[in-house]
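One letter stands for each residue in the lines below.
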Amino acid sequence: MANKRLLKRSITLFCEELFTESVAASLYGHNHDNVEAILFSIVKMQDDFVRRISHPEPGMPARLYYKDLREKFSAQASELIDQINNL
């Protein structure tokens, strides 16, 4: 298992990059409602996953919990990347 602090930092940095890409894409697009929804989703996702790192699920082995957490983060991030690309 990676250090919790490094995992939090990685998630934060990745979400910052997504946020930056969304803002850049919004400068070329015309639909500001979709951009605002995507930006809100990025901030909500970051907050959710950073909180989940600090409070692992009881009864579940730590290694499996953090592996599942990384997989869910990757899936949700991929979905947001697809939305950003469709702007």
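Just above sits the structure.
Criteria and thresholds
- Residues numbered from 1 in each chain as written.
- Predicted model: local features only at pLDDT ≥ 70, side-chain atom pairs only at ≥ 80, totals over all residues.
- Heavy atoms only, no water.
- Core = buried A, V, L, I, M, F, W, Y, C linked by side-chain atoms within 4.5 Å.
- Buried < 20%, exposed > 50% of the residue type's maximum accessible area, 1.4 Å probe, protein only.
- Helix = DSSP H or I, 4+ residues; strand = E, 2+ residues; numbered from the N terminus.
- Contact = heavy atoms within 4.5 Å.
- Axes fitted to C-alpha atoms, helices over the stretch in contact; angles between N-to-C directions.
- Parallel < 35°, antiparallel > 145°, perpendicular 65-115°, else oblique.
- Nonpolar A, V, L, I, M, F, W, Y, C, P; charged D, E, K, R; others polar.
- Phe/Tyr/Trp six-rings, centres within 6.5 Å; stacked < 30°, edge-to-face > 60°.
- Patch = residues over 30% accessible without salt bridge, like charges linked within 9 Å, V, L, I, M, F, W, Y side chains within 5 Å.
- Areas by Shrake-Rupley, 256 points an atom, 1.4 Å probe, with all protein chains shown as cover.
- Salt bridge = Lys/Arg side-chain N within 4 Å of Asp/Glu carboxyl O.

Caption draft 1: Structural view of the nonpolar core. The biggest cluster of nonpolar side chains holds 15 residues, and the ones touching the most others in it are Ile42, Met45 and Leu69. For this core, the elements supplying multiple residues, two or more each, are α1 (4-28), α2 (32-54) and α3 (62-85). With 6 residues, α3 is the largest single contributor of residues to this core. Those residues in contact with Met45 that lie beyond four places of it in its chain are Cys15, Leu18, Phe73, Gln76, Ala77 and Leu80.

Caption draft 2: Main features of the packing of α1 against α2. At a minimum axis distance of 10 Å, the contact between α1 and α2 shows a crossing angle of 180°. For the element pair α1 / α2, the angle class is roughly antiparallel. Between α1 and α2, the residues in contact are Lys4, Leu7, Lys8, Ile11, Thr12, Cys15, Leu18, Phe19, Ser22, Val23 and Ser26 and His32, Val35, Ile38, Leu39, Ile42, Val43, Met45, Gln46, Phe49, Val50, Ile53 and Ser54, respectively. Looking at the contact of α1 with α2 residue by residue, the class counts come to 15 nonpolar, 6 polar and 2 charged.

Caption draft 3: How the structure looks around the packing of aromatic side chains. What the rule picks out here adds up to 3 aromatic pairs. With a centroid separation of 5.8 Å and 70° between ring planes, the pair formed by Phe14 and Phe73 is classed as edge-to-face. Of this pair, Phe14 sits in helix α1 while Phe73 sits in helix α3, placing them 59 residues apart in sequence. Assessed through its relative accessible area of 34%, Phe14 is described here as partly exposed. Residues Tyr65 and Tyr66 carry aromatic rings whose centres are separated by 5.2 Å and whose planes lie at 80° to one another, so their mutual orientation is edge-to-face. When its relative accessible area of 2% is taken as the criterion, Tyr66 is described as buried.

Caption draft 4: Just a nonpolar patch on the surface, in detail. Taken together, the side chains of Phe19, Val23 and Val43 present a nonpolar region at the surface, about 220 Å² in accessible area. As for its position among the elements, Val43 is in helix α2. Val43 gets classed as partly exposed once you look at its relative accessible area, which sits at 46%.

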